[in-house]
Amino acid sequence: MNSNENIFDRLPDDVVFLIFSKLQDAKSLCLSMSVCRRFQFIVPRVSEVFLPIPRRRAVLNDNGEEIVTIRRGFMNPFFRILTKPFHFVSQIIKFKSRNAENDCDSCSYYEPNDVLKPFEEIRALHLRIPCHVIPKPCSGTGKSNSKTFLRWKADFGDQLRSCVMLGAKSWTEKCRNEENFQETVPGSEHEQRVISDGEMKLRIVWTISCLIAASARHYMVQETVKSQKMIETVVVSDESDQGWLCMNKEQIEELKVSGGVGVECRSRLPALRMKMWYSEKMELPGCGKVMDGATLVVIWSAGNGEAEGRSTVDLVRAAFGGEGEEKVVGDFARKLVGGKKCYVLEMNSF
């Protein structure tokens, strides 16, 4: 064998394609296409693509002010729509810093279509948008961050179908000196107390914030979904995994047919129905995690017969599954939905 021969060139195209299919990362795939003509032919056939969308660096003028640049696609007003709700939440619940550690989507970033143009056969697309600030772990305490906790998952077709949100005023590890604390057990007399007006308003703000963030992400992916003829699943998450927008093949086809309806750089939300469960304090035996003001909200479109026909337990199970921390989140959600007291709310289209 010639010492100058590239062994990789001896691999069949099908094997090379299988290697690139396992890679998935859009940046690495695009760089691979620039290596040789052979890769330039093989890589665009990859069917599963993961694209972390980078931040766009701010351009400052002589006074140190950011210069607003308008591009086709995602303009700065769109990013403000994503950002404002989380800033509003941070002010109400008094985060430790004005930078809002939980603030996702609060910086402008590049249009995904620019990167995805070479890929012609995408079937599964996962976009990850940046966070403004990456949460810093507490040092020396052995605890999780005690900041406000929010986690949500939304399913969209041409409009919102369902959304499940789990929130808490704090998410911490139980300390040894808290061994005797009294947990609020769902269904107990203590849990049956009427939630105060202030606490209810806070939960409503959380809910609206998550809905607006989800609708903004849905608006963001519409052009990408329409331009990809073979796409079957879409997921849009963020660096902190706070929120997930999901679309399956049926929902994508529904969006392509309807064309989507937008308002102020986000998708319009239909009339909604929701159920809310609340526990003043909740602990999961065995994991040592404690939630203060744990709240579960299950939301569905008033005109979505499919979601109305599914039980809330099914919607919660579909939203929060998996391993590790995701399993703990799911356990909290399932424990909350077992409570006897449930608040029923309705919301007009907006």
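Think of each chain on its own: its residues are numbered from 1, step by step along the sequence as written. Side-chain atom pairs in this predicted model are given and counted only at pLDDT of 80 or more, local residue features only at pLDDT of at least 70, and totals for whole chains, interfaces and linings cover all residues. The basis for every side-chain value is the complete set of heavy atoms in the structure, and neither hydrogens nor water enter the calculation.

Details of the environment of Pro 118
Consideration 1: Its location among the elements puts Pro 118 in the loop between helix H5 (112–116) and strand E2 (124–129).
Consideration 2: Among the residues examined, Pro 118 registers a relative accessible area of 30% and is labelled partly exposed.
Consideration 3: Sequence separation of Pro 118 and Cys 30 is 88 residues, and the distance between their C-alpha atoms is 8.2 Å.
Consideration 4: Contacts between residues were defined by any pair of non-hydrogen atoms, one from each residue, lying within 4.5 Å. Excluding anything up to four places from it in sequence, Pro 118 contacts Met 33 and Pro 44. Secondary structure counts use DSSP, requiring at least four H or I residues in a row for a helix and at least two E residues in a row for a strand, with both numbered from the N terminus. Partly exposed residues are those whose accessible area sits between 20% and 50% of the maximum for their type, while under 20% is buried and over 50% is exposed, using a 1.4 Å probe and protein chains only.

So, the pairing of strand E3 (residues 149–156)
Consideration 1: Most of E3 is tucked away, with six of its eight residues classed as buried.
Consideration 2: Pairing between two strands is assigned when DSSP locates at least 2 bridges connecting them. The pairing of E3 with strand E4 (residues 160–168) spans eight bridges and is antiparallel. Bridge assignment links Arg 151 to a residue of E4, and that residue is Leu 166.
Consideration 3: The turn linking E3 back onto E4 is made up of three residues.
Consideration 4: Summarising the sheet, E3 and strand E7 (residues 243–247) pair through four bridges and their orientation is parallel. What sits directly across from Lys 153, in E7, is Trp 244.

Considerations on helix H6 (residues 197–227)
Consideration 1: The first and last C-alpha atoms of H6 sit 46 Å apart over 31 residues, in line with the 45 Å expected at 1.5 Å per residue.
Consideration 2: Consider a residue and the seven residues that end there alongside the seven that start there; fitting an axis to each set, the bend is the angle between those axes. The largest bend in H6 amounts to roughly 40 degrees and is located at Val 221.
Consideration 3: For H6, a buried count of 22 out of 31 residues is recorded, marking the element as mostly surrounded by other parts of the structure. The span you would expect from a helix comes to 1.5 Å times its residue count less one.

Thoughts on the state of the cysteines
Consideration 1: Criterion for a disulfide: a pair of cysteine sulfur atoms within 2.5 Å. Scanning the entire structure with this criterion turns up zero disulfides.
Consideration 2: In this structure Cys 163 is a free cysteine whose sulfur lies 6.4 Å from that of Cys 210, the closest cysteine sulfur available.
Consideration 3: Residue Cys 163 is classed as buried on the basis of its relative accessible area, which comes to 1%.

Considering unusual backbone geometry
Consideration 1: Even without a glycine there, the phi angle at Gln 24 is positive, about 70 degrees.
Consideration 2: For Gln 24, the position within the fold is in the loop between helix H1 (13–23) and helix H2 (26–33).
Consideration 3: The backbone of Asp 241 shows a phi angle near 60 degrees, a positive value even though the residue is not glycine.
Consideration 4: Within the secondary structure, Asp 241 is located in the loop between strand E6 (233–238) and E7.

Here's the deal with helix H9 (residues 312–319)
Consideration 1: Every buried residue belonging to H9 is among Thr 312, Leu 315, Val 316 and Ala 319, and all of these are buried. The arc that holds the buried residues of H9, viewed along the axis, is 95 degrees, so those residues lie on one side. By construction, the arc corresponds to the directions joining the helix axis to the C-beta atoms.

What about the pattern of salt bridges?
Consideration 1: The term salt bridge refers to a pairing of a side-chain nitrogen on Lys or Arg with a carboxyl oxygen on Asp or Glu at a separation within 4 Å. Evaluated as defined, the whole model comprises twelve salt bridges.
Consideration 2: As a salt-bridge pair, Asp 314 and Arg 317 come within 3.0 Å of each other at their nearest N and O atoms. Of this pair, Asp 314 and Arg 317 both sit in helix H9, three residues apart, which is roughly one turn of that helix.
Consideration 3: Take Arg 317: its relative accessible area is 45%, and that puts it in the partly exposed class.
Consideration 4: Through salt bridges that share partners, Arg 161, Glu 250 and Glu 254 make up one connected network.

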